[in-house]
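Residue-level structural notes
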Amino acid sequence: MSKLKDVWAAGNCVINGWLSLPGSHLAEVMAHQDWDSLTIDLQHSSIDVAAAVPMLQAMAATDVTPIVRVPWNEPSVMMRVLDAGAYGIICPMVNNREDAERFVSACRYPPEGIRSNGAYRGMIVGGADYLKTANSEIATFAMIETREGLANIKEIAETPGLDALYIGPTDLAFSHGHPPVHNNFDGPVAELIAQILEGAHAAGIKAGVHATRTDYAAQMKADGFDLVTPTSDLRMIQAAAPDVFAGLGRG
Ligand code: 3PY
Ligand code: MG
């Protein structure tokens, strides 16, 4: 079983890292930290499928579960990163049942879905039984991050083969007319986030949430989320740099 699914099977919360920057060396350094899973972001970064492959290779030296957030609900990109060895897909902007079915179907081999055969790296990292285990091992996360997605949460969450909902708090806030900020400890966006957590669990699936602060991620973990993303490679660099300059008398 993947580390991510092991953590879930034990009833615990997955600590997911986020890779916004390209490069196999960076992915290797991140993979050697204590993350349960690491997500390569192809939506809001300069990383494309070709750049993601050496990152997946670097991560394969550890037991971290490799996830990819794809740029959009586009089956060909999902199939390419799965073939390259991703064990989870986060799909942005899933707004209704049709979106959810299109997404999940791209990630599942027949008869459950329409994924095409050709896992050139999946077969290497997954081993001889990859084709038999892929459908149950690969985790599918539908992002709920719009007013429409929240309105259709029940139909989305009950989509067969969907493992989890993943919250994009800034787009969710945007689409409800609020400032697009992360780490909503309280206020109207916090209430929307609580509704999504409840909607996932009511359907018997997992819930994950994006954050940029450890204290907020810890609060979400305590509130019952099954996966939290507390920070990213980019934000860790940005967060650490000011102390360096302050220590040298600047700022
Ligand atoms: C959002 O906040 O909308 C996200 O997609 C987080 O990456
Ligand atoms: Mg988003």
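Reading the values: the criteria
Residues numbered from 1 in each chain as written. Chains lettered and ligands numbered in written order. Predicted model: local features only at pLDDT ≥ 70, side-chain atom pairs only at ≥ 80, totals over all residues. Heavy atoms only, no water. Donors = N, O, S within 2.8 Å, 3.2 Å for Na, K, Ca; no water. Helix = DSSP H or I, 4+ residues; strand = E, 2+ residues; numbered from the N terminus. Buried < 20%, exposed > 50% of the residue type's maximum accessible area, 1.4 Å probe, protein only. Pairing = 2+ DSSP bridges. Axes fitted to C-alpha atoms, helices over the stretch in contact; angles between N-to-C directions. Contact = heavy atoms within 4.5 Å. Near = heavy atom within 4 Å. Polar contact = N/O pair within 3.5 Å; in protein donor to acceptor, adjacent residues only side chain to side chain. Areas by Shrake-Rupley, 256 points an atom, 1.4 Å probe, with all protein chains shown as cover. Nonpolar A, V, L, I, M, F, W, Y, C, P; charged D, E, K, R; others polar. Parallel < 35°, antiparallel > 145°, perpendicular 65-115°, else oblique. Left-handed = near helix turned anticlockwise from the far one by under 90°.

The protein atoms donating to the magnesium ion (ligand 2) are Glu145 (OE) and Asp171 (OD), with metal-donor distances spanning 2.1 Å. With a gap of 26 residues between them, Glu145 in the loop between β5 (139-144) and α8 (147-151) and Asp171 in helix α10 (residues 169-175) connect regions that are remote in the sequence. Among the residues examined, Glu145 registers a relative accessible area of 2% and is labelled buried.

For sheets, the rule is that strands pair by backbone hydrogen bonds, running either parallel or antiparallel. Spatially, eight strands are ordered β1-β2-β3-β4-β5-β6-β7-β8 in a closed barrel, and the strand pairing comes out parallel. With direction set aside, neighbouring strand axes in the sheet form an average angle of 25°. Here five bridges tie strand β2 (residues 37-41) to strand β3 (residues 65-69), and the two strands are oriented parallel to one another. Across the sheet, Leu38 pairs through a bridge with Pro66, a residue of β3. This element, helix α3 (residues 49-59), spans β1 (14-19), β2 and β3 of the sheet and lies at about 170° to β2.

So, about the site of ligand 1. Near ligand 1 the following residues occur: Arg69, Met143, Glu145, Gly168, Pro169, Thr170, Asp171, His182 and His210. In this structure, an oxygen atom belonging to ligand 1 sits 3.1 Å away from a side-chain N or O atom of Glu145. Between Gly168 and ligand 1, the recorded distance is 3.5 Å, taken from a backbone N or O atom to an oxygen atom. For ligand 1, whose unbound accessible area comes to 230 Å², protein coverage reaches 94%. The greatest single-element share of the shell around ligand 1, amounting to three residues, is contributed by α10. Split into classes, the residues belonging to the shell around ligand 1 amount to two nonpolar, four polar and three charged.

The next point concerns the packing of helix α4 (residues 75-83) against helix α5 (residues 97-106). Where α4 meets α5, the axes come as close as 9 Å, and the angle between the chain directions of the two elements is 30°. It follows from the interaxial angle that α4 and α5 lie roughly parallel. In this structure, α4 meets α5 at a crossing whose hand is right-handed. Taken together, the residues of α5 that come into contact with α4 (itself represented by Pro75, Met78, Met79 and Leu82) are Arg102, Phe103 and Ala106. Taken together, the residues of the contact of α4 with α5 break down into six nonpolar, no polar and one charged.

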